[in-house]
Amino acid sequence: GDLMYVIALQASSASPANQGLSQQVGLTYILLFAISIIWGHKMDPVEKAVLGSSGLAVTRLGLGCAAIGGLYGDIPDEQAVQVVHRAFQLGLNLVDTAPLYGAGKSEKRLGLALKEVPRDSYILASKVGRILVATEAGESDGGIFENPPPFKPVFDYSYDGVMRSFEDSLKRLG
């Protein structure tokens, strides 16, 4: 059947200035291609597959953006933008983010990167149901996300909550 792998690149702030992260995107691409051959799928990560009846054609490999939101370690904004641009240079067209990823930091950084990318060249996936509520500085617990903005997620799957979550994400994405 159709297989799609979504990856999240993680860069520890303890690594040497995280300068090789965009190279890691290329290495991850090669590694996942090799794994797909080992598993017998012979998946081409940049081959496109249509998502159900949506008509949207996405690459079988997508860029998960939790890491640019500070998952397990933070990176500078410029480097987050470079990671996204490198994924597109490698031929990927699917990016995934969420309000939860770094309390909106992933969406803001992804928005910075997407300003320079033609809108019809990528598919953006996100989530709804968590509203980010402002907190006092130092009050928010980022959990596994480093240096989150002062927001905490609040579950709200009501119609109004889903719509607000969607609209807030659009604002953060720019």
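Residues numbered from 1 in each chain as written. Predicted model: local features only at pLDDT ≥ 70, side-chain atom pairs only at ≥ 80, totals over all residues. Heavy atoms only, no water.

**Q** How would you explain the packing of aromatic side chains if you had to name every residue and give the values?
**A** Evaluation of the coordinates by the stated rule reveals three aromatic pairs. Both rings, one in F155 and one in Y157, keep their centres 6.2 Å apart while their planes meet at 35 degrees; by these two values the pair is tilted. In this structure, F155 and Y157 share a single accessibility class: exposed. (Phe/Tyr/Trp six-rings, centres within 6.5 Å; stacked < 30°, edge-to-face > 60°. Buried < 20%, exposed > 50% of the residue type's maximum accessible area, 1.4 Å probe, protein only.)

**Q** Hey, could you go over the side chain of S169 for me, with residue numbers and the actual values?
**A** As for its position among the elements, S169 is in helix α4 (residues 159-173). Judged by its relative accessible area of 6%, S169 falls in the buried class. In contact with S169, other than residues within four places in its own chain, are P99, E107 and S126. (Helix = DSSP H or I, 4+ residues; strand = E, 2+ residues; numbered from the N terminus. Contact = heavy atoms within 4.5 Å.)

**Q** Before we move on, could you go through the packing of helix α2 (residues 77-89) against helix α3 (residues 105-114) and cite the residues and values that matter?
**A** Contact pair α2 / α3: the axes reach a minimum separation of 9 Å and the direction vectors enclose 60 degrees. With respect to their mutual orientation, α2 and α3 come out oblique. Pair α2 / α3 crosses with right-handed handedness. Across the interface between the two elements, D77, A80, V81, V84, H85 and F88 of α2 pack against R109, L110, L112, A113 and L114 of α3. Partitioning the contact of α2 with α3 into residue classes produces eight nonpolar, one polar and two charged. (Axes fitted to C-alpha atoms, helices over the stretch in contact; angles between N-to-C directions. Parallel < 35°, antiparallel > 145°, perpendicular 65-115°, else oblique. Left-handed = near helix turned anticlockwise from the far one by under 90°. Nonpolar A, V, L, I, M, F, W, Y, C, P; charged D, E, K, R; others polar.)

**Q** Provide a residue-level description of the nonpolar core, including the pertinent values.
**A** Counting residues in hydrophobic clusters, the biggest one holds 19 residues, and the most contacted among them are L63, C65, I68, V84, F88, V95 and L110. Within the residue set of this core, elements represented by two or more residues are β4 (61-64), α2 and α3. Leaving out residues up to four positions away in the same chain, I68 has contacts with I75, A80, V84, K105, S106, R109 and L110. Of all hydrophobic cores here, the second largest spans five residues; its members include A66, L71, Y101 and F145. (Core = buried A, V, L, I, M, F, W, Y, C linked by side-chain atoms within 4.5 Å.)

**Q** If you had to explain unusual backbone geometry to someone new, which residues and values would you point to?
**A** Here the phi dihedral of Y72 falls at roughly 65 degrees; this positive angle occurs in a residue that is not glycine. Topologically, Y72 is positioned in the loop between β4 and α2. With a phi angle near 50 degrees, A103 is a residue other than glycine that sits in the positive phi range. Note that A103 resides in the loop between β5 (94-96) and α3. A103 sits in the buried class, given a relative accessible area of 10%.

**Q** Can you lay out a nonpolar patch on the surface for me, pointing to particular residues and giving the numbers?
**A** On the surface, V128, F166 and L170 cluster together into a nonpolar patch covering about 250 Å² of accessible area. The exposure class of F166 is partly exposed, given its relative accessible area of 42%. (Patch = residues over 30% accessible without salt bridge, like charges linked within 9 Å, V, L, I, M, F, W, Y side chains within 5 Å. Areas by Shrake-Rupley, 256 points an atom, 1.4 Å probe, with all protein chains shown as cover. Salt bridge = Lys/Arg side-chain N within 4 Å of Asp/Glu carboxyl O.)

**Q** Describe the pattern of salt bridges, with residues and values.
**A** Going through the model one piece at a time under the given rule, you end up with seven salt bridges. Ionic pairing is found between D96 and K127, a salt bridge with its closest N-O pair at 2.5 Å. Placement of the pair is D96 in strand β5 and K127 in the loop between β6 (123-125) and β7 (130-134), with a sequence separation of 31 residues. Overall, the relative accessible area of 15% leaves D96 in the buried class. Judged by relative accessible area, which is 32%, K127 ranks as partly exposed. Each member of the salt-bridge network shares a partner with another, and the members are D74, D77, K105 and R109.

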